[in-house]
Amino acid sequence: MAQFYAEPNLLSLAVKRLQAEGFEILDVGKTSISIAADSDIYERSLQTNLETVEIPVIKKIVGETTATFINAIDDKPFGEIDTSQTIWNQLLDGIAINEPAFYFRPPIPAESPPETIVKYLRVPDDIAQGLNATLAHQNGIKGRGVKVVMVDTGWYRHPFFNKYNYKVNVVLAPGSSAPLKDDNGHGTGESANLLAVAPDAELTMVKADVLTLPGKFKNVNAVAAFKKAVALRPDIITCSWGSDLSVRQFSPFNQALAVAIADAVSRGIIVIFAAGNGQWSFPSQHPDVISVGGVYKHLDGLLKGQLEASNSASSFISQIYPGRRVPDVCGLVGQRPYGAYIMLPVPFGSQKDQEHSLIGDGTKPTDGWAAFSGTSAAAPQLAGICALMKQLDPGLSPAKVKEILQQTARDVIEGSGNLRTGGNRAHPGPDIATGYGLADASASIEAVKNRVLGTSLYDSALPLVNSQNAEIDKDDQINELSKVIDSEVTRASPSLPKITEYQNPIYLQDISKTTRRQKMSSDFPKLKAKLDQILWEIDQILEKEIKNNEIEDVELRIREIDFVPRSVTAKLTSSLRKSLEDCWTTEEKTIKGQAKEVNKTLDVSKIAPKHISVAQGLIKFGKYQVTAIKVLTEALQSNDDVVRDAAIKALSECVSDISSFDDATKNDLEKDVIFDLYDDPIISPRHNIICFYDRDTKQYYRTDCCQGKKFDKKEDCLQCKC
């Protein structure tokens, strides 16, 4: 992140110059300055002309419509003011113009008749039960001591919050006002989702009330609001808003927000964003955030209790970040058209109170309650689960939290996402519709317990030394950890017995087994003696590849704990991999009388039927798959019909075993979806058809027919039946 930080003296000078020109300074940070002024000040000072442009978006209630964006005429890209030819060129890299942000709730058809949903989920109990957090609460795990920040429309102390003794602090984002009010109601309602899961979390609302009266806007900047949240140094930030990139490119404003998010995560802050409700939303597709989609749980009828993907929630593959799938995991969300699913407290007579009464949620326009959800509700639900996890292990990194949430989520195999983002269907295993499924608080907490009491005791993140650098006995550390957890449970729920009083302890069940799941360095004395030399040799190999520009400038971190006894499978796959070396030709040249390897080339003429079987075996084992697939794809060009046919058959049979394909892609392949693989062969597994892309002629060709013929379109290549 340091490369994006501005030089302090230039930053200070820029602020003074901007103020002198009449700009209001909303926020000053290391990566950007947030400013506001009338349009004539922008045009005069920055020597530009501004225009307003209507761009399609999805707004609350009205659904698909347009919003007014500001652009500098003749400057590119859209939304940027070019300063390179102005007096500002030494101080400012450019001006990213603010864009409207809309809080994510289900789009509501303007003329559709309202559908009355008889039963709603209610906070806090139904949300806690639906996300499997009740047992954690009973065991005293309620998010105590974990700092969470929401960036939303504000927070109103509803009588509901007083009833449950929830405590929330409000901080104004730059440009916001009235900290005790929430005219919209969105922030107030969504905060109840978070507190239902983590009732003891230290919640702060950063009020960023972009909208005031209809048609009126405040100088509230999303980047400045997010940076205000970061400045509070929380453990978690959750946001239920963003912009729709379905018809727009990644703008300078999005870039500024992306940098702010990356900076937050680099500081160890868990950042959560709602996936959207029909929007191709950003920042939910930012790779560093936890993107939260929606799962619907049937509340009554024959399907009561069944889970399915919410048809209101967005799910898509990012066009900005290659391979990035949205969402990662899901919370509880209603269905279209209204998403009326969770009964939430809102300020009396607020916008949400009136709107949802008007569309028929069964409440009155001034009763302070409204039924709504959307992924706006799911994001704070996940923030609550993260708070429970962080209470047990404050050292959890954002990446580790995301990994645990994904590994422990409940698989959802029914339903499909919002049609506007492709209507992706759920299926067994990870999919585009729901990511890894519905988050499970209990399972996530168990995973954290196992990590805290197991392998992480010997992690480099938890050095086994005290302040005097004296080595700490591992058993002593386990005992100390027991005391910490004991005191946490006792403080939260004094009535609960201590760990040592349980006949079957909750946290330390068979501590010898829990903490010794894998061998430690003392079990491999020979390895320990030679590990430095092994690591040095690996580092030399990496350095050579980096110097030759063959790989990126990276390092491989290996610890003693990463080694386990060698398995039979490892020995077998190693032997199989060695046999594939026959397929390569090594080019050598002599330097000062010594032979030096220059290059290894895969030689199709050396590939025999036995190598096809070996490659297929490696794919089945899930080891050295990249090499195995290279052999198989190269074999497709063999002049030996036996080798070529065997390769076609092997590739067709191995689709479901290729671990470099995630489960969603495997599922798509089985449905005859075309997929680009390595040297661009196009595979249609159902029919065992494979065609290749010639990078020189930019055409497609087949090896099983149409000898010598090439096609401009891959579809024509696949469909040829000669």
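As the structure is a computational prediction, the values presented were derived from the model and not from experiment.

**Digging into the overall build of the protein**
Line of reasoning, step 1. Secondary structure assignment for the protein yields 21 helices and 28 strands.
Line of reasoning, step 2. Burial statistics for the protein: of 722 residues in total, 51% are counted as buried.
Line of reasoning, step 3. For the protein, restricting intrachain contacts to residue pairs at least 6 apart in sequence, the fraction spanning at least 24 positions comes to 67%.
Line of reasoning, step 4. In the structure as shown, the protein presents an accessible area of about 35,100 Å², 49% of it carried by carbon and sulfur atoms.

**Observations concerning helix α16 (residues 568-579)**
Line of reasoning, step 1. Between the first and last C-alpha of α16 there are 17 Å, a value that for twelve residues agrees with the 16 Å anticipated at 1.5 Å per step.
Line of reasoning, step 2. Residues of α16 that are buried include every one of Ala-570, Thr-573, Ser-574, Leu-576 and Arg-577, and no others. Viewed end-on, α16 has its buried residues packed into an arc of 165°, placing them on one side of the element. In α16, the exposed positions angled more than 90 degrees off the buried face are occupied by Val-568 and Lys-578.

**Quick look at the pairing of strand β13 (residues 241-244)**
Line of reasoning, step 1. Here two bridges tie strand β7 (residues 102-103) to β13, and the two strands are oriented antiparallel to one another. Residue pairing across strands places Tyr-103 opposite Trp-241, the latter belonging to β13.
Line of reasoning, step 2. Two strands pair when backbone bridges link them, and β13 and strand β15 (residues 281-282) are joined in this way by two bridges, in the antiparallel orientation. Considered in β15, the bridge of Ser-243 is made with Phe-282.

**Describing the packing of α16 against helix α17 (residues 609-621)**
Line of reasoning, step 1. At their nearest, the axes of α16 and α17 sit 9 Å apart, and the two run at 145° to each other. The two elements α16 and α17 cross, and the hand of that crossing is left-handed. Along the contact surface, α16 presents Thr-569, Leu-572, Thr-573, Leu-576, Arg-577 and Ser-579, while α17 presents His-611, Val-614, Leu-618 and Phe-621.
Line of reasoning, step 2. Here the contact of α16 with α17 is composed, by residue class, of five nonpolar, four polar and one charged.

**A short note on the sheet that holds strand β22 (residues 369-372)**
Line of reasoning, step 1. An order of β8-β21-β22 is seen for the three strands of this open sheet, with the pairing classed as mixed. Only two strands of the sheet have a single partner each, and these edge strands are β8 (121-122) and β22.
Line of reasoning, step 2. Where β8 and strand β21 (residues 342-345) come together, two bridges link them in parallel fashion. Bridge pairing in β21 links Leu-121 to Ile-342.

**Focus: the confidence of the model for the protein**
Line of reasoning, step 1. When pLDDT is averaged across the protein, the result is 79; 76% of the residues are at 70 or more.
Line of reasoning, step 2. Across residues 455-521, confidence stays below pLDDT 50; counting only partners more than four residues off in sequence or on other chains, it has 86 contacts.
Line of reasoning, step 3. The low-confidence segment residues 659-688, where pLDDT is below 50, has 75 contacts with residues more than four positions distant or belonging to other chains.

**Some remarks on the pattern of salt bridges**
Line of reasoning, step 1. Taken as a whole and assessed by the stated rule, the structure comprises 15 salt bridges.
Line of reasoning, step 2. Close ionic contact of Lys-181 with Asp-183 constitutes a salt bridge, the shortest N to O distance being 3.7 Å.
Line of reasoning, step 3. Salt bridges linked by common partners bring Arg-324, Asp-328 and Lys-402 together as one network.

**Some words on the nonpolar core**
Line of reasoning, step 1. Ile-127, Val-148, Ile-236, Ile-272, Ile-290, Leu-388 and Leu-405 are the most contacted members of the largest nonpolar core, which has 68 residues in total.
Line of reasoning, step 2. In terms of residues, this core owes the most to one element, helix α10 (residues 375-392), which gives eleven residues.
Line of reasoning, step 3. If sequence neighbours within four positions are ignored, Leu-388 has contacts with Ala-133, Ala-136, Ile-141, Lys-142, Gly-143, Val-197, Ala-198, Ala-441 and Ile-445.

Rules of the game
Residues numbered from 1 in each chain as written. Predicted model: local features only at pLDDT ≥ 70, side-chain atom pairs only at ≥ 80, totals over all residues. Heavy atoms only, no water. Helix = DSSP H or I, 4+ residues; strand = E, 2+ residues; numbered from the N terminus. Buried < 20%, exposed > 50% of the residue type's maximum accessible area, 1.4 Å probe, protein only. Contact = heavy atoms within 4.5 Å. Areas by Shrake-Rupley, 256 points an atom, 1.4 Å probe, with all protein chains shown as cover. Expected span 1.5 Å × (residues − 1). Arc of directions from axis to C-beta. Pairing = 2+ DSSP bridges. Axes fitted to C-alpha atoms, helices over the stretch in contact; angles between N-to-C directions. Left-handed = near helix turned anticlockwise from the far one by under 90°. Nonpolar A, V, L, I, M, F, W, Y, C, P; charged D, E, K, R; others polar. pLDDT = per-residue confidence, 0-100. Salt bridge = Lys/Arg side-chain N within 4 Å of Asp/Glu carboxyl O. Core = buried A, V, L, I, M, F, W, Y, C linked by side-chain atoms within 4.5 Å.

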